[in-house]
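Report on the structure
Residues per chain, in single letters:
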Amino acid sequence: MKKGKYLICLLLFVFISSCGGKQPPPTQTPTNVEAIIQTPTEEAQVALPGEPEDPGEPDDTSQTGDESQTAPEQNSNLYDPSIYVIEASGTYRMELAPGYYADYEVEIYLDKVDSNDNRVVTGSYQGGVWMKTTIDAKEYIKENFGDAPVTIQFDAGGEAVNDNFSIYLNTTDDKAWTDYSILDDQGNPLPLTRDMPVGKGGTIAVSKNVYLDAKAKGAQGEKVDYQDTADGEVVDVNYIIHVEENGSEVNAKRKVTFFLSGEGFSFTIEGTLTRLAGYPQDVLDYANNENKNKFMEYFN
């Protein structure tokens, strides 16, 4: 009897400590900086008749003088009026300890619906970010308590949401001075050209539906049952975003890469930037966009 109580106490101590403790630092953590806000240099001009829908690469020949200064983007061929939509999602498993994992699921939706700036990709985007975390400790329990005469169940997880997430894409920052690097799985920087729209900054998400459920039952009927819930905690989320340049657009789509990081997590997810028609009637119809409305259900 005493031996069973000893095992149960040890179990509670291990799991409550491991749940309440801080996660190990990420292997890749970008410099925490404030979002870089600059005035766009691209002007929303009326497209000339007969102008091609897909513009060519920005003209880089306008740079003169000191080559260390980045010349403003010259974009003589602008898109038709457009709505720009960024959608990204992904999953990631992070090992917190041997056999003890945090499984992340993330979705991001952003758009730019601006009649004064609807012919260029750069500019301000607004939307939301949703993140879900689930703890998987099955291997950890089996490794540490497999021979003990006790049955253990442990579940923990939660969500973090922000329905006021905003970013600013630009091509004017000197990428030699501002670090926009994102590393691949081998630790090498992803390709980054001068004309790629980029953004960097941070936002705050608020936790909801956070739960902890730990149960144990000994061979002689001893039971331990611990449950807890919590909402409203603040989660800092830092981001870097790369968008393929104009010349890489295919069927009005181009690749987007996000690097997300915060306390105890750092990973990369991918998505697309889609250019939709943006004339006045199109803007009215966009209010009923199925993908956007489905994403907003996360915040209800």
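Structure: above.
Quick summary incoming for the structure in this document. All of these numbers come straight from a predicted model, not from anything done at the bench.

How each quantity is defined
Along each chain, residue indices are assigned from 1 in the same order as the chain's sequence is written. Only residues with pLDDT of 70 or above have their local features reported here, since the model is predicted, and side-chain atom pairs are shown and tallied only from 80 upward, although totals for entire chains, interfaces and linings are computed over all residues. Derived side-chain values reflect all non-hydrogen atoms in the structure, with water molecules and hydrogen atoms excluded from consideration. Helix numbering and strand numbering both begin at the N terminus, where a helix is a DSSP run of H or I of at least 4 residues and a strand a DSSP run of E of at least 2. Here, residues are in contact when the closest pair of their heavy atoms is within 4.5 Å. Per-residue accessibility takes into account occlusion by the displayed protein chains alone, with areas from the Shrake-Rupley method and a 1.4 Å probe. Pairing between strands is defined by DSSP: at least two bridges between the two strands are required. Per-residue accessibility, obtained with a 1.4 Å probe over protein chains only, is compared with the maximum for each type, and a residue is labelled buried under 20%, exposed over 50%, and partly exposed between these values. The definition of a polar contact used here is a pair of N or O atoms within 3.5 Å, where within protein one atom must be able to donate a hydrogen and the other to accept one, and adjacent residues in sequence count solely through side-chain atom pairs. The arc refers to the directions leading from the helix axis to the C-beta atoms.

Quick look at the overall build of the protein
Within the protein, the regular secondary structure consists of four helices and nine strands. Reading the protein from its N terminus to its C terminus gives the helix and strand order α-β-β-β-α-β-β-β-β-β-β-α-α. Counted over contacts in the protein with a minimum sequence separation of 6, partners at least 24 positions apart contribute 72%. Summed over its atoms, the accessible surface of the protein is roughly 16,600 Å², and 49% of this surface lies on carbon and sulfur atoms.

Notes on the pairing of strand β6 (residues 223-230)
Where strand β5 (residues 198-218) and β6 come together, eight bridges link them in antiparallel fashion. Of the residues in β6, the one forming a bridge with alanine 214 is tyrosine 226. Between β5 and the antiparallel strand that follows it, β6, lie four residues; glycine 221 among them carries a positive phi value of about 95 degrees.

A word on the side chain of glutamate 249
Structurally, glutamate 249 is set in the loop between β7 (234-243) and β8 (253-262). The class of glutamate 249 is buried, set by a relative accessible area of 9%. Among the polar contacts made by the side chain of glutamate 249, one reaches the side chain of arginine 275 at a distance of 2.5 Å.

So, helix α2 (residues 138-145)
Residues of α2 that are buried include every one of Tyr140, Ile141 and Phe145, and no others. Projection of α2 onto a plane perpendicular to its axis shows the buried side chains occupying an angular sector of 95 degrees, all on one side. Exposed residues lying more than 90 degrees from the buried face of α2 are Lys138, Lys142 and Glu143.

What about unusual backbone geometry?
Note: most peptide bonds trans; most residues except glycine with negative phi. One non-glycine residue, asparagine 251, lies in the positive phi region at around 55 degrees. Residue classification places asparagine 251 among the exposed residues on the basis of a relative accessible area of 70%. You will see that alanine 252, though not glycine, has its phi angle at about 65 degrees, which is positive.

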